[in-house]
There are 2 protein chains.
Amino acid sequence: MKIEIITIGDEILIGQIVDTNSAWMASELTDAGFEIIGITTVGDSAEAITAAIDRSFSRADVLLLTGGIGPTNDDMTKNTLCRYFNTSLVFSNEVLENIRSIFTHRNVQLNELTRNQAFVPKNARVIQNKVGTAPVLWFEREGKVLVSMPGVPFEMKTAMTKDIIPRLSDRFRMETYLKQSYLVSGITESALALLLTDFEKELPQGLSLAYLPSFGLIRLRLFARGDNYRQTFRVQSEKLKNILGDFLIANNEKPLEELLGDRLKLLHLTLSTAESCTGGLIAHKITSIAGASEYFYGSIVSYDNSVKEKVLHVNAETIESFGVVSQAVVEQMAENCAKLIRTDCSIAVSGIAGPSGGSEEKPVGTVWICTYYRGKSVAQKYRTGNSREENIARAANMAILQMLRML
Amino acid sequence: MKIEIITIGDEILIGQIVDTNSAWMASELTDAGFEIIGITTVGDSAEAITAAIDRSFSRADVLLLTGGIGPTNDDMTKNTLCRYFNTSLVFSNEVLENIRSIFTHRNVQLNELTRNQAFVPKNARVIQNKVGTAPVLWFEREGKVLVSMPGVPFEMKTAMTKDIIPRLSDRFRMETYLKQSYLVSGITESALALLLTDFEKELPQGLSLAYLPSFGLIRLRLFARGDNYRQTFRVQSEKLKNILGDFLIANNEKPLEELLGDRLKLLHLTLSTAESCTGGLIAHKITSIAGASEYFYGSIVSYDNSVKEKVLHVNAETIESFGVVSQAVVEQMAENCAKLIRTDCSIAVSGIAGPSGGSEEKPVGTVWICTYYRGKSVAQKYRTGNSREENIARAANMAILQMLRML
């Protein structure tokens, strides 16, 4: 059962925003057993939208449109869909009431633009948008389905989860989607590809392997569509796990910071971080996991050296002798942070994110990471890369991984 | 001069990754005067790629392909392009040498997969990839151009910036792209749309207005393509600025945290943050701006109450009487943080990110923010929303904005 996603929006074509909706939808739909065969972005133009719908309907059974509706640009998309499905707009009291109730809740006045959103195509099934003002519209023609929904991520996700995916699953017979995820580190993408050359060559029809490298980590996904592959899939995923050996961190979907959180909860340990170049990113990643307050107590972001000395009580002489990006300094940062915030474990990072600050001895991308656990310290030096964004992101991942490995 | 972007990759269709490349490319190309008329994602299949190229060539002058090449899946895309352009693969010593030099620099062994990348289509112009192993391929047919480049963001950006955009600008006569950006806050998207209804109705042909809402901020972009619009554009952008009035934070492209950085540098002030529910995100945003070390000294992420008491010296009785999410607590957090880290200013945030922790009196999304500046405090309460991710992101933006407004 093939799906194409069409995203409507000039703002995407001029690069104003990144289309995160498509990725989320593709992931959810794939998990539910659907197959996405294409994702297209078009501008806010009737011709472009009509052409895209035409093309996609020739290839797919279901079209999911996001964007192009809402208080700022509603008319054009709705009118385009009316023309496409040979229908006209009618006023819907039900939609108006829905809008009213949402606005009352937000304590905002109803205005003309939003009242306009209560006009809907006559032959569309209207699905009330529970968290926004633009209704979701479901059209059918010759056994195919087109759904038009708002582009606001939270509204789209709610509509997809509560209405669209359940209705599509009812409507079409779904194949089982089998997947196994592997989080890998310590090997480059090309070396990993070489390691897996034979495995991929011998992979049976119907099974696929996808690579996702990301700042020092690589996520692999083995997947297949169809219940008949279950046995083969089990065999191949076990085989892959063995080939990966020590490079494998975990074989589930959880992000690295959640794996660390699980381990800390299991061992009843608490954690703090002392961050310099990572500027709070490690703390942010850890606290983005719900329930982090159970094991994460806090952070000292010692961006300036004075903070390392006065708050973390790092020896001024140590900084002078070895430099602030050094083993001795991160070891003191880690131990003193754990004592100050009173946690069992701590992670300390000190490095040169760039673009300035590098030297021949310590070029941009030089990072020292120390992980501390009840009196024991492990300190390691890394070369993270050349760009500021990459250095900060990689240092954060390597630090979380180093802590995970220590426990 | 019309461009279409085609992204190749199964991993995007199964929602493994978000396609950030297209947004970056679209933004850079638009600024350089090109017009993006579509963005399409297809899977790693010869048929899908061929069909996409066919369709796009009927509409655009230039096709930019990313992905589908590299050590793991090189053959299929290159072979598809060979068939499309009626040519065959030949071995290129130049490419091999380029790969060798990159690997020597990284201290990695050359292997068969990467050696394979030295085979290139005979009638393509080969542009050496200075930061990766897969060469960039430039094809021409009947006055149209197709460029195939790696999907790895850093490699794509380097190729685009150093080679592709310059060559395209030489090849085609570009129109001037006029744009003006406005950062707005304190008004909902629909209320803003209402405020701008007349302005948009009266906007002359050739000018467009795009909205980008993001966690409490809205970025507006007025744009036009063509030097002949210069005068009109100047008039309209001034008109828009006046309509926006107090809702306008700044009329440039800079992110909020950079605006704050500029203000701090101008006034020679230093800043620290005391974060609870935002978990280090404010510090991370501030330090993502190069040169932040000039004004940002550090942060105390006091995720657990014990850290608020022991490190920030917030009164235990205050927490007991008013609760940790209260004006009294954030005021103490801000003032004590500024004293501890020894900065002129500080931002303190305490709130309930969710999903747990809410009550009837203080539901999920309740956030107190205090900004402190040399003895003066401004404390304000916010309702940020319902989802954890949204609450953390909005609280961070509102906190940075509150500090900016105070100065």
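Being a predicted model, the structure only gives us computed values, none of them experimental. (Residues numbered from 1 in each chain as written. Chains lettered and ligands numbered in written order. Predicted model: local features only at pLDDT ≥ 70, side-chain atom pairs only at ≥ 80, totals over all residues. Heavy atoms only, no water.)

As a further point, take the overall build of chain A. Looking only at helices and strands, chain A features 16 helices and 17 strands. Judged by the C-alpha coordinates and their principal axes, chain A covers about 80 × 60 × 40 Å. Burial analysis of chain A (407 residues in total) assigns 57% to the buried set. Relative to all contacts within chain A whose residues are 6 or more apart in sequence, the contacts with residues 24 or more apart total 68%. When the accessible area of chain A is evaluated, it comes to approximately 16500 Å², of which 47% is carbon and sulfur surface. In chain A, the 43 positive side-chain charges and the 46 negative ones have mean positions that sit 4 Å from each other. (Helix = DSSP H or I, 4+ residues; strand = E, 2+ residues; numbered from the N terminus. Buried < 20%, exposed > 50% of the residue type's maximum accessible area, 1.4 Å probe, protein only. Contact = heavy atoms within 4.5 Å. Areas by Shrake-Rupley, 256 points an atom, 1.4 Å probe, with all protein chains shown as cover. Lys, Arg positive; Asp, Glu negative; His and termini not counted. Charge placed at Lys NZ, Arg CZ, Asp CG, Glu CD.)

Time to look at the relation of the copies chain B and chain A. Mapping chain B onto chain A calls for a screw motion: a turn of 180° about the axis and a shift of 0.0 Å along it, with 0.1 Å RMSD after fitting. As the rotation angle and translation indicate, the two copies are arranged about a two-fold axis. Comparing interface residues between copies, 100% of those in chain B also lie at the interface in chain A; the contact surface is shared. (Least-squares fit on C-alpha atoms with pLDDT ≥ 70 in both.)

Attention now goes to the pattern of salt bridges. Residue and element names in this part refer to chain A. A complete count under the given rule lists 28 salt bridges over all chains for this structure. Note that Glu-97 is salt-bridged to Arg-100, the shortest N-O span being 3.2 Å. Of this pair, Glu-97 and Arg-100 both sit in helix α5 (residues 93–106), three residues apart, which is roughly one turn of the helix. Assessed through its relative accessible area of 44%, Glu-97 is described here as partly exposed. Look at Arg-100 and you get partly exposed, because its relative accessible area is 36%. Several salt bridges converge on common partners, so that one network encompasses Asp-31, Lys-179, Arg-221 and Glu-253. (Salt bridge = Lys/Arg side-chain N within 4 Å of Asp/Glu carboxyl O.)

Residue and element names in this part refer to chain A. Partitioning chain A into domains gives domain 1 (2–171), domain 2 (177–250) and domain 3 (256–406). Summing the contributions of domain 2 and of domain 3, the shared interface buries around 780 Å²; its carbon and sulfur component is 70%. Its largest share of buried area at the contact with domain 3, domain 2 owes to Phe-215, Leu-217 and Ile-249, together 62% of the area lost on that side. Applying the counting rule to domain 2 against domain 3 returns one residue pair in polar contact (both at pLDDT 80 or more). Sorting the residues of the side of domain 2 that touches domain 3 by element identifies β9 (177–185) and β12 (248–250) as the ones contributing at least two each. (Domains from an automatic or database assignment. Buried area = accessible area lost by both parts, 1.4 Å probe. Polar contact = N/O pair within 3.5 Å; in protein donor to acceptor, adjacent residues only side chain to side chain.)

This paragraph deals with the interface of chain B and chain A. Often, the extent of an interface is quoted as the loss of accessible area upon association of its parts. The partner chain A presents 71 residues to the 71 residues of chain B that form the contact. Summed over both partners, the interface of chain B with chain A buries about 6100 Å², with 64% contributed by carbon and sulfur atoms. When the buried area of chain B at its contact with chain A is split by residue, Ile-14, Gln-16 and Tyr-303 of chain B rank highest and sum to 11% of it. Between chain B and chain A we count zero salt bridges in total.

Our focus in this paragraph is the packing of aromatic side chains. In this structure the tally under the stated criterion is twelve aromatic pairs over all chains. With 5.3 Å between their ring centres and 65° between their planes, Tyr-84 of chain B and Phe-85 of chain B make a pair best called edge-to-face. Taking NZ or CZ as reference, Arg-125 of chain A lies 4.9 Å from the ring centre of Trp-138 of chain A, over its face. (Phe/Tyr/Trp six-rings, centres within 6.5 Å; stacked < 30°, edge-to-face > 60°. Lys NZ or Arg CZ within 6 Å of the ring centre and 35° of its normal.)

Of all hydrophobic cores here, the largest spans 42 residues; its most connected members are Ile-300, Leu-312 and Met-333 of chain A together with Ile-300, Leu-312 and Met-333 of chain B. Setting aside anything within four residues of it in sequence, one finds Met-333 of chain B in contact with Ala-274, Ser-276, Ser-302, Lys-308, Leu-312, Val-314, Ala-348, Val-349 and Ser-350 of chain B. Core analysis: the second largest hydrophobic core is formed by 40 residues, Ile-286, Ile-369, Tyr-382 and Met-403 of chain B among them. (Core = buried A, V, L, I, M, F, W, Y, C linked by side-chain atoms within 4.5 Å.)

Attention now goes to the sheet that holds strand β17 (residues 376–383) of chain B. In space, the ten strands of this open sheet follow the order β17(A)-β16(A)-β15(A)-β13(A)-β14(A)-β14(B)-β13(B)-β15(B)-β16(B)-β17(B), with mixed pairing throughout. One side of each edge strand has no neighbouring strand; the edge strands of this open sheet are β17 (376–383) of chain A together with β17 of chain B. Taking each pair of neighbouring strands and ignoring which way they run, the sheet shows an average axis angle of 15°. Inspection of the sheet shows strand β13 (residues 271–275) of chain B paired to strand β15 (residues 345–351) of chain B by five bridges, in the parallel sense. Looking at the pairing, Thr-273 of chain B lines up with Ile-347 of chain B of β15 of chain B. Sheet strands in contact with helix α16 (residues 388–406) of chain B are β13, β15, β16 (366–373) and β17 of chain B, and its direction is about 30° off that of β16 of chain B. (Pairing = 2+ DSSP bridges. Axes fitted to C-alpha atoms, helices over the stretch in contact; angles between N-to-C directions.)

Let us look at a nonpolar patch on the surface. On the surface, Leu-89, Phe-91 and Phe-119 of chain A cluster together into a nonpolar patch covering about 230 Å² of accessible area. On the basis of relative accessible area, Leu-89 of chain A is assigned to the partly exposed category, the value being 31%. (Patch = residues over 30% accessible without salt bridge, like charges linked within 9 Å, V, L, I, M, F, W, Y side chains within 5 Å.)

Okay, the environment of Asp-19 of chain A next. Relative to the assigned elements, Asp-19 of chain A resides in the loop between α1 (10–13) and α2 (20–31). Asp-19 of chain A gets classed as buried once you look at its relative accessible area, which sits at 13%. Ignoring any residue separated from it by four or fewer positions in sequence, one finds Asp-19 of chain A in contact with Thr-7, Ile-12 and Thr-41 of chain A together with Val-18 of chain B. Side chain to side chain, Asp-19 of chain A and Thr-7 of chain A meet in a polar contact 3.3 Å long. A distance of 3.4 Å separates the side chain of Asp-19 of chain A from the backbone nitrogen of Asn-21 of chain A, its partner in a polar contact.

On to the environment of Arg-59 of chain A, then. Following the sequence through the fold, Arg-59 of chain A ends up in the loop between α3 (46–57) and β3 (62–66). Taking the C-alpha atoms as reference, Arg-59 of chain A lies 9.4 Å from Gly-38 of chain A; in sequence the two are 21 residues apart. Each residue touching Arg-59 of chain A, except ones within four places of it in the same chain, is listed here: Lys-2, Glu-4 and Ile-37 of chain A together with Arg-55 of chain B. At 2.6 Å, the side chain of Arg-59 of chain A and the side chain of Glu-4 of chain A are in polar contact.

Another aspect to go through is the state of the cysteines. Residues and elements named next belong to chain A. One pass over the structure, following the stated rule, counts zero disulfides over all chains. As a non-bridged cysteine, Cys-337 has Cys-370 as the owner of its nearest cysteine sulfur, 11 Å distant. For Cys-337, a relative accessible area of 0% puts it in the buried group. (Disulfide = S-S within 2.5 Å.)

Now for unusual backbone geometry. Note: most peptide bonds trans; most residues except glycine with negative phi. All names here are of chain A. The omega torsion across Gly-354 and Pro-355 is 0°, close enough to zero to call that bond cis. Topologically, Pro-355 is positioned in the loop between β15 (345–351) and β16 (366–373). One non-glycine residue, Glu-142, lies in positive phi territory at about 50°. Structurally, the position occupied by Glu-142 is in the loop between β7 (136–141) and β8 (144–149). Residue class for Glu-142 comes out exposed when judged on its relative accessible area of 77%. Even without glycine at this site, His-313 takes up a positive phi of about 55°. Residue placement: His-313 occurs in the loop between α13 (305–310) and α14 (316–322). On the basis of relative accessible area, His-313 is assigned to the exposed category, the value being 54%.

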